[in-house]
Amino acid sequence: MISELMIGVRNTFILWVITAIFYPALLLIIGQVAFPYQANGSLITNAQGEIVGSALIGQSFTSERYFWSRPSTINYSQGEDSAPTGISGASNLAPSNPDLITRIQQEKTRLQQAGIEPTADLVYTSGSGLDPHITPEAAQVQVARVAQARSISTEEIQELIVQNTDKRFLGIFGEPGVNVLKLNLALNQK
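Keep in mind the model is a prediction, meaning the values are calculated, not measured.

### Some remarks on the sheet that holds strand β4 (residues 165-166)
Taking strand neighbours across the sheet as the criterion, the three strands line up as β3-β5-β4 in an open arrangement whose pairing is antiparallel. Whereas interior strands pair on both sides, the edge strands pair on one side only; in this sheet they are β3 (133-134) and β4. Pairing analysis gives two bridges linking β3 to strand β5 (residues 177-179), with the strands arranged antiparallel. Looking at β5, one finds that Ile 134 is bridged to Val 178. Its contacts with the sheet put helix α8 (residues 180-189) on β3 and β5, and the angle it makes with β5 is roughly 55 degrees.

### Re the side chain of Arg 145
Within the secondary structure layout, Arg 145 lies in helix α6 (residues 143-150). Residue classification places Arg 145 among the buried residues on the basis of a relative accessible area of 7%. At a separation of 3.0 Å, a polar atom in the side chain of Arg 145 contacts the main-chain carbonyl oxygen of Tyr 66. With residues near it in sequence (within four places) discarded, Arg 145 still touches Ser 63, Glu 64, Arg 65, Tyr 66, Phe 67, Trp 68, Ala 114 and Ile 116.

### Focus: the confidence of the model for the protein
Across the protein, pLDDT averages 86, with 91% of residues at or above 70. Looking across the protein, the model is least confident in strand β2 (residues 51-54), with a mean pLDDT of 86, and most confident in helix α1 (residues 2-34), with 95.

### Some remarks on the nonpolar core
Grouped together as the largest cluster of nonpolar side chains are 28 residues, with contacts concentrated most on Phe 67, Ile 134, Ile 157, Ile 161 and Leu 187. Those elements giving two or more residues to this core turn out to be α3 (98-113), α4 (120-123), α5 (136-140), α6, α7 (154-163) and α8. Of all the elements, α8 adds the most residues to this core, at six residues. Once residues lying within four places of it in the same chain are set aside, the contact partners of Leu 187 are Arg 65, Phe 67, Val 146, Arg 150, Ile 152, Ile 157 and Leu 160.

### A word on the packing of aromatic side chains
Each aromatic ring pair is characterised by the separation of its centres together with the angle its planes make. On inspection of all chains with the given rule, the structure shows three aromatic pairs. The interplanar angle of 35 degrees and the centroid separation of 6.3 Å between the aromatic rings of Phe 169 and Phe 173 together place this pair among those described as tilted. Among the residues examined, Phe 169 registers a relative accessible area of 57% and is labelled exposed. Judged by its relative accessible area of 48%, Phe 173 falls in the partly exposed class. Of note, Arg 110 hangs over the ring of Trp 68, and the distance from its end group to the ring centre comes to 4.4 Å.

### Points about the UniProt feature "transmembrane region" (unreviewed entry) in the protein
The feature "transmembrane region" (unreviewed entry), as annotated in UniProt, sits at residues 12-35 in this numbering. For residues 12-35, the end-to-end C-alpha separation is 32 Å, with 96% helix and 0% strand making up the annotated structure.

### Overview of unusual backbone geometry
Of note in the backbone geometry, Ser 42 takes a positive phi value of approximately 50 degrees without being a glycine. If you trace the backbone, Ser 42 turns up in the loop between α2 (36-39) and β1 (43-45). In this structure, Ser 151 takes a positive phi of about 55 degrees despite not being glycine. Following the sequence through the fold, Ser 151 ends up in the loop between α6 and α7.

### Observations regarding α8
Helical periodicity: at 3.6 residues per turn, an α-helix aligns residues three or four positions apart in one direction. Within α8, seven of the 10 residues are buried, which leaves it mostly tucked inside the rest of the structure. Every buried residue belonging to α8 is among Val 180, Leu 181, Leu 183, Asn 184, Leu 185, Ala 186 and Leu 187, and all of these are buried. The opening residue of α8 is Asn 179, an N-cap whose side-chain oxygen sits 3.2 Å from the backbone nitrogen of Leu 181.

Rules and cut-offs
- Residues numbered from 1 in each chain as written.
- Predicted model: local features only at pLDDT ≥ 70, side-chain atom pairs only at ≥ 80, totals over all residues.
- Heavy atoms only, no water.
- Pairing = 2+ DSSP bridges.
- Helix = DSSP H or I, 4+ residues; strand = E, 2+ residues; numbered from the N terminus.
- Contact = heavy atoms within 4.5 Å.
- Axes fitted to C-alpha atoms, helices over the stretch in contact; angles between N-to-C directions.
- Buried < 20%, exposed > 50% of the residue type's maximum accessible area, 1.4 Å probe, protein only.
- Polar contact = N/O pair within 3.5 Å; in protein donor to acceptor, adjacent residues only side chain to side chain.
- pLDDT = per-residue confidence, 0-100.
- Core = buried A, V, L, I, M, F, W, Y, C linked by side-chain atoms within 4.5 Å.
- Phe/Tyr/Trp six-rings, centres within 6.5 Å; stacked < 30°, edge-to-face > 60°.
- Lys NZ or Arg CZ within 6 Å of the ring centre and 35° of its normal.
- UniProt positions renumbered as here; feature names shortened; annotations may be inferred.

So this is what it looks like as structure tokens:
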């Protein structure tokens, strides 16, 4: 009986070493060698080489000089009213919830006051609350505002939108999306 117990303990220890040490270490090495950009958070740097964000996590932009992102129920972990870093998720409010209806109406009013025709992704939050993309249509409705604020032509902005639009994955999965952080950094280069 003791020998069977020792075999069980030994096998458990060996399995633990494989699954808790060797396997994660192997994946870490493969990630760092084969996919270093993705494995390190898809970090984006500005012209000075400073990290300004991630291509995977949205940020809030409020200046007229920039394209605006989707609203976030967690405020992208920025500012005083934001949730702590590392939290994501939707508000889980029902479509009939008065708080949700009020928030949507306020967002629509803000967009209309800025001369932007509200689109769904400029009014509604994403499921994760962290989506860095807007649809090409949501970018198009903001072109005139950004062009006027920056005193540049709409054609130059259209070109930047095309350059910063992520295509469908493998050409068939998902929808095209404009990465707002990348687009706004490209605008800063103009």
